[in-house]
Amino acid sequence: MTFSELGLREEVLQSINDLGFEAPTPIQQSAIPHLLKSDSDLVGLAQTGTGKTAAFGLPLVNNIQDQYDLTQGLVICPTRELCLQISKDLENYAKYDRKTAVVAVYGGTDIRRQITQIKQGATIIVATPGRLVDLIQRRAVKLQDVRFVVLDEADEMLNMGFKEDIDSILDQTPDEKNVWLFSATMPKEVADIAKNYMTNPLEVSIGHKNQGNVNIEHIYYTVREKDRYAALKRLIDVNPEIFGLVFCRTRHETQHVAENLSKDGYNAEPLHGDLSQAQRDNVMKRFRERTVQLLVATDVAARGIDVDNITHVINYQLPDDIENYTHRSGRTARAGKKGESLVLINLKEHYKIKAIERQMRTNFTLGVVPSANEICAIQLASLINKVKDTEVKEKDIEEFLPKIMSDFEHLSKEEVIKKFISVEFNRFVEYYSKAQDLNVSESRDRRDRGERSERGDRDRDRERGGERRERFDRDDSNRTRFFVSIGKRDGLNPGGLLRLICDEAGLTSSSVGKIDVMPSFSFFEADNSHTEAILKAVNGANYEGNRVSVEITKKKAERRSGGGDRDRGFSGSRDRNDRGGERRGGSGFGDRNRDGGGFGSRNGGDRDRERGGSSRPRSRNSYGRNN
Ligand code: AMP
């Protein structure tokens, strides 16, 4: 099927052509012809990666009547980032519709600028629910001509506590409007929207292409670049039964890592394009037979490897192309088994993890590179089990036994055991005797290097609190508790705080745990893997004119033994003067989006480059940032 068969206008077809879309995706094929009809309510069960934005965006742009500059379409979505992404997509689709004006409005930024933009004409408004309600109340957004309301990621909006806002918007729009709802899942609350606001909606359900295998656990480890190889060895050593694939980016690196591993006593072989076909076949045969325990490979050479029971995929370096990460990790956890995909990154590569999380809709756990003690204990246990499980071939050993017995005659049973175990174990004990902690966090790295933050007193204060944070870096519980410098008196409620965190740090609501909003400050919990993103992104954010500062709290036990109460403990570091401080306004978000558009926002950066006429081929899956 081609786009021209779907019934879209010539101008829209031209813009599709410019975007390089050759054929409609399945959801576009099912949805677009329906959405071009006059009664076109729709429920689409689809996730990011299926082409759903174009599935509603193309017909929306197609249906907008250019002669009116009144608001005819509303697209409501959960986060600022998605809001910006959708509006950019819609602008692309409306490239040849001169009068179609798309305006994006979202919370946490200067509302006056948005009001001005809307006044200048907005045929389509793309909005987060809270901000849209605010703009409706201020009469900046007029709803009487709205004919299309799109609810994107409806389940996520309801998770984030936007139900009331959505109901209020839908209630105020004209009865004869069409509602197009997209959701990854269909809980009752989402089904209720369909029931209450739609008539005979078409239901379209599309499995999404990026869905990761739920049996794969994704874990990343942050180390200094110089420690990458040492960390790799620890990840192998802490998994004595590993049957794994180690991925490198280049042939040279693959060869180098495999050679070093062999030299260091590991059962590892390389697999890359510089080897002859016969060599590659031989390595693969031995890997399949499990005579080779670790296969170190490039993405290209490993393509098509269909070996079952691979326990671990280790990303020595992440691939340049996110799609390749999906392929790599998919080598483990086959046929319903569980598997781990481990990733080594340096301090500058966190954005890559975020990009993969978004694209694959999966969560990474922040792992701790195991300590020497941990590894030695695990190796020892494994050795003991191996000895216990070893079958004694009585017949074969029989003739050698008298000599063996006489050689050990002078040793006690304990001494013999110790010596036998030490044959293998000494290698680890010696290697790890001077081993250091290889884990590194940004804050710790800065302290280690004696660098001062350039961001002024607030950061210096936080650095002074480093001791406290370092203890948390080592905490093995899954969640971190944060202190936030604003509370009820600043107009904050739990939903608002959740949205702020998710919007700023690019998280989904499931990453955030308990939220306590107190009169003048708040607390929330989040998965440890997001700590850095939260500290970086939420700190300094603007909430309704208040500058927000976020800190990791002390653990309860530490608070108790430290003798300080919770409120007192944080009041010192909370700078109320921040509230009167400069407003970041809209530029903060805009700037950040421009910088990070590529990785966070699904190819936004790439598309910008395309519009600028760059002849660089467009990579749909790169992280969108030079590294
Ligand atoms: P979405 O599901 O809307 O997040 O889209 C995922 C990606 O697919 C985006 O980068 C779109 O630009 C791209 N895309 C959407 N429709 C098509 C199509 N028909 N052909 C090729 N790429 C597409």
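Bear in mind the structure is a predicted one, so any value in this text is a computation, not a measurement. (Residues numbered from 1 in each chain as written. Predicted model: local features only at pLDDT ≥ 70, side-chain atom pairs only at ≥ 80, totals over all residues. Heavy atoms only, no water.)

## Section: the overall build of the chain
Across its full length, the chain holds 28 helices and 20 strands. Looking at the chain residue by residue over its 627 residues, the buried ones come to 53%. Residue pairs at least 24 apart in sequence account for 76% of intrachain contacts in the chain once pairs closer than 6 positions are excluded. With the model as given, the accessible surface of the chain reaches about 30400 Å², and the carbon-plus-sulfur share is 47%. (Helix = DSSP H or I, 4+ residues; strand = E, 2+ residues; numbered from the N terminus. Buried < 20%, exposed > 50% of the residue type's maximum accessible area, 1.4 Å probe, protein only. Contact = heavy atoms within 4.5 Å. Areas by Shrake-Rupley, 256 points an atom, 1.4 Å probe, with all protein chains shown as cover.)

## Some words on the side chain of Arg-331
As for its position among the elements, Arg-331 is in the loop between α14 (322-329) and β13 (339-345). Asp-299 is the oppositely charged side chain nearest to the buried, salt-bridge-free Arg-331, at an N-O distance of 7.5 Å. In terms of polar contacts, Arg-331 uses its side chain to reach the backbone carbonyl oxygen of Ala-302, at 3.4 Å. (Lys, Arg positive; Asp, Glu negative; His and termini not counted. Salt bridge = Lys/Arg side-chain N within 4 Å of Asp/Glu carboxyl O. Polar contact = N/O pair within 3.5 Å; in protein donor to acceptor, adjacent residues only side chain to side chain.)

## What to know about the sheet that holds strand β14 (residues 364-366)
On the basis of which strands lie adjacent, the open sheet formed by seven strands has the order β10-β11-β9-β12-β13-β8-β14 and parallel pairing. Here the strands that pair on one side only, and so sit at the sheet edges, are β10 (268-271) and β14. Across this sheet, the average inter-strand angle for adjacent strands is 25°, counted without regard to direction. Relative to the sheet, helix α12 (residues 277-288) contacts β9 (244-247), β10 and β11 (294-297), its axis offset from that of β10 by approximately 140°. With respect to the sheet, helix α15 (residues 350-360) is in contact with β8 (216-222), β13 and β14, its orientation differing from that of β8 by roughly 165°. (Pairing = 2+ DSSP bridges. Axes fitted to C-alpha atoms, helices over the stretch in contact; angles between N-to-C directions.)

## Some remarks on the pattern of salt bridges
This structure, assessed with the given rule, holds 26 salt bridges. Put simply, Glu-391 and Lys-393 hold a salt bridge, and the shortest N to O gap is 4.0 Å. Each of Glu-225, Arg-228, Glu-349 and Lys-352 takes part in a single network of salt bridges with overlapping partners.

## Things to note about the packing of helix α16 (residues 372-389) against helix α19 (residues 413-432)
It is the contact of α16 with α19, at a shortest axis distance of 10 Å, that shows an interaxial angle of 170°. The orientation of α16 with respect to α19, classified from their angle, is roughly antiparallel. Every residue of α19 that contacts α16 at Ala-372, Ile-375, Cys-376, Gln-379, Leu-380, Leu-383, Ile-384 and Val-387 is listed here: Ile-421, Glu-424, Phe-425, Phe-428, Val-429 and Tyr-432. (Parallel < 35°, antiparallel > 145°, perpendicular 65-115°, else oblique.)

## Structural notes on unusual backbone geometry
A positive phi angle is found at Arg-139, which is not glycine, with a value near 60°. Looking at the element boundaries, Arg-139 is found in the loop between α6 (129-137) and β5 (148-151). Relative accessible area serves as the criterion here: at 66%, Arg-139 is assigned to the exposed category. In the Ramachandran plot, Arg-290 falls in the positive-phi region, its phi being about 70° despite a non-glycine side chain. Here Arg-290 is to be found in the loop between α12 and β11. We classify Arg-290 as partly exposed; its relative accessible area is 45%.

## A closer look at the nonpolar core
Counting 62 residues, the largest nonpolar core has Ile-125, Leu-132, Leu-151, Leu-497, Phe-524 and Ile-534 as its most contacted members. When residues of this core are assigned to their parent elements, the largest contribution, six residues, is made by helix α23 (residues 494-505). If we skip the residues at most four places from it in the chain, Leu-497 touches Val-484, Leu-492, Ile-515, Val-517, Ser-522, Phe-523 and Phe-524. Leu-90, Val-102, Val-126 and Trp-180 belong to the second-largest nonpolar core, a separate cluster that totals 40 residues. (Core = buried A, V, L, I, M, F, W, Y, C linked by side-chain atoms within 4.5 Å.)

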